[in-house]
Amino acid sequence: MNLRTVEFQIVETSANIRRNGLMTAAAVTNAAACLFVLGAFALALWNLHSMTEQLSHESRIRIFLLKDVPFEEAQALESEIDTRFGNMIEERTLIPREQVLEEFILKFPSIPDAGLGEENNPFPHELQVKLKDPEEWRTVTEFARADGRVDEVRSGRESGLEPLLKLRRMTRIGGIILVTFLGFATLLTISNTIRLTIYARRREIGIMQLVGATSRFIRFPFLLEGVFHGTLGALLGGAALLGGYTSLVSWVAETIPAFERWLIYSADQLGILFGGLIAIGLLFGLIGSWMSVSRHLQSP
Amino acid sequence: MIEFDDVCLRYPNGTQALDHVSTTIEKGEFCFLVGASGMGKSSLLKLVYREETPSAGRVIVNGTDVAALPKRHVPLLRRRIGVVFQDFRLLSKKTAAENVGYALDVIGVPRREKHRRVPKALELVDLLHKADAYPDELSGGEQQRVSMARALVNNPPILLADEPTGNLDPDASWNIVQLLSKINITGTTVVVATHDRDIVNRMARRVVTLSEGRIVADRQRASYDVGEADSPGDPMTRREEVSP
């Protein structure tokens, strides 16, 4: 394709966009709506995934030692765990039974002390372990349970970590499936709308074929238009989505401040989402128009 | 120039449009294809510019078997053939000059060359003064002349016209056929599918008569009702195979 042809194609494409204003508006609005829905689902799933990710990372394995185990032995167990699983551990804390009692009394001041004190302390020493990958909880738990100094280990099912990990896996796999499915639906919807704009101009395509235009020449302006529809739709849909989302985050911050920390809000993350939507809009516009115009180019 | 060699055309719905058609149209010839609607005139033309491919037989255009032409070469074939239709097929949002120039734009002709050729083509059809008019500002005859200018702007050696006078009054029809004749004098092979009896009779050129997908008559300097004197009955249904 020479420079003159490219120039002609660009001029024709912009003229077609202007002339077919209503169809252009329909295609752009449709792309915007589809990409808004796709983006909203992706954002909701991303938030849910991030929430489960944070929660599972914050969960700790709690190892309660037998009441008669001295603090030195608890320290010995801590260093054994550290030696064996050090590379898997993000953080560990050994809480002496005196501190556990103190915290209990502070937490429940209304409960009469009932003689609770150094001599009458019902709590054992407690070792809390936070893993880099929460999925590894079974390994550490099984090791601790087998130790004779340990009375009880709470993790996984007992501490609610297992269902959380399940939810995290589900949001990861389900999210990919759902977003792929929605993405496919979006592609078909955008492609169908572009097909309508092409159908409205099938006469023009027929004339182009008649006077000897190559398929590549005929296809090119439609691809440009598809890219325009998809990208502009993504810009509008993405802007509406981010506008709405930032308002929602502000509302959450004011109404339920504790919940704010779970939400995705950094400029980087929202930038990735916006950029992703624009890339999808551009790509879907291109693929959609390619699919649609190819149907009209079928000839013997 | 154009040779149909035992050509059959059956559409996917089962309609047999052409049934063992063989004929040759020589370079620089002016030929009418006549016959009632649905007898295969348009199908025959479609085979020449590869809108359709034959179910059997060969269509040779300028020595090339059109049916065997790779798909990517079809546009090159069409650049060597001008086609005019009953419904003009003009782009309503482009002026007469833009419609004619469009045929050059799509094949990448340089702008300077385009600006030289478009007025020439419009002058040939006597419409230079309406270069800036849009199709809906032109009469039917004028629109058909724009369509002819577009078909001719590439200087094709072959011009096909499918019912070019179908939507025109008798005067406008006669003007169009006169114009086709003028184009033919310059050496262009002209094939006109029509059922306009008056035009065919007045022109007295070669007439190929089709009926039910077969050539039933083929005469030089003939009239629409050629062969009528030979045997009674409807000439459109008479089975009179004639060698070209």
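Report on the accompanying structure. (Residues numbered from 1 in each chain as written. Chains lettered and ligands numbered in written order. Predicted model: local features only at pLDDT ≥ 70, side-chain atom pairs only at ≥ 80, totals over all residues. Heavy atoms only, no water.)

**Overview of the side chain of Ser289(A)**
All names here are of chain A.
Part 1: With respect to the secondary-structure elements, Ser 289 resides in helix α10 (residues 267-296).
Part 2: Residue classification places Ser 289 among the buried positions, given a relative accessible area of 0%.
Part 3: Dropping the residues within four chain positions of it, Ser 289 is found in contact with Ile 194, Ile 198, Phe 222, Leu 223, Gly 226 and Phe 284. (Helix = DSSP H or I, 4+ residues; strand = E, 2+ residues; numbered from the N terminus. Buried < 20%, exposed > 50% of the residue type's maximum accessible area, 1.4 Å probe, protein only. Contact = heavy atoms within 4.5 Å.)

**So, the interface of chain A and chain B**
Part 1: With 23 residues of chain A in contact, the opposing surface of chain B contributes 29 residues.
Part 2: Carbon and sulfur atoms supply 53% of the area buried between chain A and chain B, which totals about 2300 Å² over both sides.
Part 3: At the boundary of chain A with chain B, the tally comes to two salt bridges.
Part 4: At the boundary of chain A with chain B, the tally comes to four residue pairs in polar contact (both at pLDDT 80 or more).
Part 5: Its residues assigned to classes, the side of chain A that touches chain B comprises nine nonpolar, eight polar and six charged. (Buried area = accessible area lost by both parts, 1.4 Å probe. Salt bridge = Lys/Arg side-chain N within 4 Å of Asp/Glu carboxyl O. Polar contact = N/O pair within 3.5 Å; in protein donor to acceptor, adjacent residues only side chain to side chain. Nonpolar A, V, L, I, M, F, W, Y, C, P; charged D, E, K, R; others polar.)

**Points about the side chain of Ser181(B)**
Residue and element names in this part refer to chain B.
Part 1: Here Ser 181 shows up in helix α6 (residues 170-185).
Part 2: Since its relative accessible area comes to 10%, Ser 181 is described here as buried.
Part 3: For Ser 181, the side chain forms a polar contact with the side chain of Arg 205, separated by 3.1 Å.
Part 4: In this structure, Ser 181 is in contact with Phe 30, Met 203 and Arg 205, ignoring residues within four places of it in sequence.

**Some details on the sheet that holds strand β4 (residues 150-154) of chain A**
Residues and elements named next belong to chain A.
Part 1: Sheet architecture is open: four strands sit in the order β2-β3-β1-β4, paired in antiparallel fashion. Where the open sheet ends on each side, the last strands, each with one partner, are β2 (89-95) and β4. Geometrically, the sheet is characterised by an average inter-axis angle of 15° between neighbouring strands, direction not taken into account.
Part 2: The pairing of strand β1 (residues 61-65) with β4 spans four bridges and is classified as antiparallel. In the strand pairing of β4, Arg 62 is matched with Arg 154.
Part 3: Strands β1, β2, β3 (126-131) and β4 of the sheet are contacted by helix α3 (residues 71-85), whose axis makes an angle of about 175° with β2. (Pairing = 2+ DSSP bridges. Axes fitted to C-alpha atoms, helices over the stretch in contact; angles between N-to-C directions.)

**Re the layout of surface pockets**
Part 1: Put simply, the second largest pocket is a space of about 350 Å³.
Part 2: In terms of lining residues, the second largest pocket is bounded by 21 residues, among which Phe8(A), Glu12(A), Glu98(B), Asp105(B) and Lys114(B) are the most central.
Part 3: Those elements that place two or more of their residues in the lining of the second largest pocket are α1 (3-19) of chain A together with α3 (96-105) and α4 (111-124) of chain B.
Part 4: Sort the elements by how many residues they give to the lining of the second largest pocket and α1(A) lands first, with seven residues.
Part 5: Broken down by class, the residue content of the lining of the second largest pocket amounts to 10 nonpolar, two polar and nine charged. (1 Å grid on protein atoms, 1.4 Å probe; cavity = no way out; pocket = protein on both sides within 12 Å on 5 of 7 lines; lining within 4 Å. Points joined across faces, edges and corners; volume = space filled by probe spheres on them.)

**Quick notes on the nonpolar core**
All names here are of chain B.
Part 1: Counting residues in hydrophobic clusters, the biggest one holds 64 residues, and the most contacted among them are Phe 32, Val 100, Leu 122, Met 148, Leu 159 and Leu 180.
Part 2: With seven residues, the single largest contributor to this core is α6.
Part 3: When neighbours within four sequence positions are excluded, Met 148 is seen to be in contact with Val 84, Val 125, Ile 176, Leu 179, Leu 180 and Ile 183.
Part 4: If you look at the next biggest cluster of nonpolar residues, it comprises 32 residues, including Val 7, Leu 9, Leu 18 and Val 66. (Core = buried A, V, L, I, M, F, W, Y, C linked by side-chain atoms within 4.5 Å.)

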